Amino acid sequence: MAEENQARSPEAGAPAPHSGPGQGSGPGSGPRGPRPSGPGGRGKFFRRKKVCKFCTEKIDAIPYRDVRLLQPFVAERGKIVPRRLTGVCTTHQRRLTRAIKQARNIALLPFATRH
Ligand SMILES: [Zn+2]
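Residues numbered from 1 in each chain as written. Predicted model: local features only at pLDDT ≥ 70, side-chain atom pairs only at ≥ 80, totals over all residues.

### Considerations on the overall build of the protein chain
Then comes step 1: Helix and strand content of the protein chain: four helices and zero strands.
Then comes step 2: Tracing the protein chain from N to C terminus, the helices and strands come up as α-α-α-α.
Then comes step 3: Taking contacts inside the protein chain between residues at least 6 apart in sequence as the whole, the part at least 24 apart equals 63%. (Helix = DSSP H or I, 4+ residues; strand = E, 2+ residues; numbered from the N terminus. Contact = placed C-beta atoms within 7 Å.)

What follows is the structure in C-alpha cells.
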C-alpha cells in the first residue's frame, strides 16, 4: 500500500490588504476630498446611456426610501457615484445626493467611511 503522503504546501492565498487609498495628503483640498486618481480606473461601471435616468422616467422627486433606485448610484463603499459615470443631469444629481444622504440617515445605505 503506497500511501501518498502529500506535503502540505501553503497555498498561495495572498492576503489582500484591505486598505483604502492614501489618506489625505493635503489639508482641505476640495470639499469632497482628494480625487481618486488610481491607475486603470476605467470601465468599472459599464457605460450606460448618457441620459439622465430620472429625466427619462420623469421622476421628479427622488424617493430616498427606494434603495433599489438609489443603489446603482452608490458605489460599493457607499460613495456617491459621480454623475460623469451615471449620466444623471445636474438637477437630478443634486436631488439624488440628498436622497442618498437621507437614506443613509435612516440606515438604508452605508456611509462612505466606516469606523
Ligand atoms: Zn435629470
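This is not the end of the story, as more comes after the structure.
### Remarks on the nonpolar core
Then comes step 1: Formed by Ile-62, Tyr-64, Leu-70, Phe-73, Val-74, Ile-80, Val-88, Leu-96, Ala-99, Ile-100, Ala-103 and Leu-109, the largest nonpolar core amounts to 12 residues.
Then comes step 2: Among the elements that take part in this core, helix α4 (residues 90-105) stands out by supplying four residues, more than any other.
Then comes step 3: The residues touching Ala-99, leaving out its near neighbours within four places in the chain, are Ile-62, Tyr-64 and Leu-70. (Core = buried A, V, L, I, M, F, W, Y, C linked by C-beta atoms within 7 Å. Buried ≥ 20, exposed ≤ 12 C-beta atoms within 10 Å, placed from the backbone.)

### Details of the environment of Ile-106
Then comes step 1: Along the chain, Ile-106 falls in the segment after α4.
Then comes step 2: Distance in space between the C-alpha atoms of Ile-106 and Tyr-64 is 9.6 Å, their sequence separation being 42 residues.

### A short note on α4
Then comes step 1: Here α4 spans 23 Å end to end across 16 residues, near enough to the 22 Å set by a 1.5 Å rise per residue.
Then comes step 2: Where α4 is concerned, the buried positions are His-92, Gln-93, Leu-96, Ala-99, Ile-100 and Ala-103. Axial view of α4: buried residues confined to an arc of 125 degrees, hence all on one face. Exposed positions of α4 whose direction lies more than 90 degrees from the buried face are Thr-90, Thr-91, Arg-98 and Asn-105.
Then comes step 3: The secondary structure elements touched by the buried residues of α4 are α1 (53-56), α2 (67-70) and α3 (83-86). (Expected span 1.5 Å × (residues − 1). Arc of directions from axis to C-beta.)

### Describing the environment of Leu-108
Then comes step 1: Here Leu-108 is to be found in the segment after α4.
Then comes step 2: Classification of Leu-108 as partly exposed rests on a count of 17 C-beta atoms within 10 Å.
Then comes step 3: On a C-alpha basis, the gap between Leu-108 and Val-67 in space is 6.8 Å, while along the polypeptide they are 41 residues apart.
Then comes step 4: Setting aside anything within four residues of it in sequence, one finds Leu-108 in contact with Arg-65, Val-67 and Ala-103.

### Some words on unusual backbone geometry
With the exception of glycine, the majority of residues adopt a negative phi angle, and the majority of peptide bonds are in the trans configuration.
Then comes step 1: The backbone of Lys-58 shows a phi angle near 55 degrees, a positive value even though the residue is not glycine.
Then comes step 2: By the element assignment, Lys-58 lies in the loop between α1 and α2.
Then comes step 3: Taking the C-beta count within 10 Å as the criterion, Lys-58 has 6 such neighbours and is therefore assigned exposed.

### Description of the environment of His-92
Then comes step 1: Structurally, the position occupied by His-92 is in helix α4.
Then comes step 2: Setting aside its immediate chain neighbours within four residues, His-92 contacts Cys-52, Phe-54 and Cys-55.

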